[in-house]
Amino acid sequence: MVDNRYATALVIACVLSILATVYLSVAIGTQHWYQYSSPAVRGEANVSELRFLYEEFIDGEFDEKTYSDTLFRLNGTVSLWWRCVLVPNSAHWYKEPDAKMVLECRSFTLPQQFTPKYKEPGNHNSGEDLLRTYLWRCQFLLPLVSLGLVVLAGLTGFCACLCRSFAPTLGIGILQLLAGLCTLATVCCHLAGMDLLHRVSMLPDKVDGSLGWSLYLALISSPLHMMAAALLVWAARSHSQSYYRMSAYRVA
């Protein structure tokens, strides 16, 4: 028999875990982890240069310097799986006043996720930048690990419900805690990687970078997982202590 306090804690923990998982899933699948604000285009020469960058971005070979420069110049956004630029929805670039802008995106393929980063982006002779390389790989792998831990916790909880057992609650809480830590580490790796990129690839004048709403969703997901973990651990420990006290009372 489970006390009402523990049952309430379990229900709240399940709701928090579901919310955290939804937030993290949306964050992984959307494009707005980091975004750039670029100045308006002026002059035919500038338009031609940006058109060339855009064509390389869409159809050219994958190269960190090429897509980074395009993101800097065309109000780009970058996420765990996507890189996008904001361009006019017209064949005649910046010819029409108040042209409608659309977001053109390209995904990072699985091999591209594991492509080494170089100390000088675009220069393969400059040597591999191990820190940036592994930060990028971690930001790709850690959210998948986090979702895997949540799925494992959910399956364990489902089996515990079928068996009417309270025993796995502590283990489920630990899995939720690890999921929250993985999500937090994902955000930290992404921010550190972007900061290191800006150190080796200086932003053009009047180009500003800012955090996007997708990153904030992931950031909110982490404490929700941790709060769910705290409730589960408290319920497991308190229920265990109550059970032992009741057993000792019966023996006495």
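Here the residue numbering is sequential within each chain, running from 1 through the sequence in written order. Residues qualify for local features only when their pLDDT is at least 70, as the model is predicted, and side-chain atom pairs are given and counted only at 80 or more; totals for whole chains, interfaces and linings, by contrast, use all residues. Side-chain numbers come from the whole structure's heavy atoms, not from hydrogens or water.

The name given to the protein in an unreviewed UniProt entry is Claudin domain containing 1a, and the organism recorded there is Takifugu rubripes. UniProt positions are given in the numbering used here, feature names are shortened, and annotations may be inferred rather than shown by experiment. What UniProt records for the protein under Subcellular location (unreviewed entry) is the sentence "Membrane".

Caption draft 1: Molecular detail of the packing of aromatic side chains. Centres within 6.5 Å are what make two rings of Phe, Tyr or Trp a pair, Trp counting through its six-membered ring; a difference in plane orientation under 30 degrees is then read as stacked, over 60 as edge-to-face, and the rest as tilted. Across all of its chains, the model carries 8 aromatic pairs by this definition. Centroid distance Trp81 to Phe140: 5.0 Å. Interplanar angle 75°. Geometry classified as edge-to-face. Remark: Phe140 occurs in helix H5 (residues 130-163) and Trp81 occurs in the loop between strand S2 (77-78) and strand S3 (82-88); sequence separation between them is 59 residues. Within the aromatic cluster, the residues linked to one another by ring pairs are Phe62, Tyr67, Phe108 and Trp136. The rule for a charge over a ring is simple: NZ of Lys or CZ of Arg within 6 Å of the ring centre, and within 35 degrees of the ring normal. The side chain of Arg83 reaches across the aromatic face of Phe57, ending 5.7 Å from its centre. The helix and strand labels rest on DSSP assignments: H or I over at least four residues marks a helix, E over at least two residues marks a strand, and numbering proceeds from the N terminus.

Caption draft 2: Local environment of the state of the cysteines. Cysteine sulfur atoms are paired as a disulfide whenever they fall within 2.5 Å. Within the structure shown, the criterion is met by 1 disulfide. The disulfide bridge from Cys84 ends at Cys105, spanning 2.1 Å between sulfur atoms. Its S-S torsion of about 110° marks the bond between Cys84 and Cys105 as right-handed, since a negative value means left-handed. With a gap of 21 residues between them, Cys84 in strand S3 and Cys105 in strand S4 (residues 101-107) connect regions that are remote in the sequence. For the pair formed by Cys84 and Cys105, the shared burial category is buried. A simple rule labels every residue: compare its accessible area, found with a 1.4 Å probe on the protein chains alone, to the largest value its type can have, and call it buried under 20%, exposed over 50%, or partly exposed in between.

Caption draft 3: Fine view of the side chain of Thr133. With respect to the element layout, Thr133 can be found in helix H5. Contacts between residues were defined by any pair of non-hydrogen atoms, one from each residue, lying within 4.5 Å. Look past the residues within four positions of Thr133 in its chain and what remains in contact with it is Pro116, Lys117 and Glu128.

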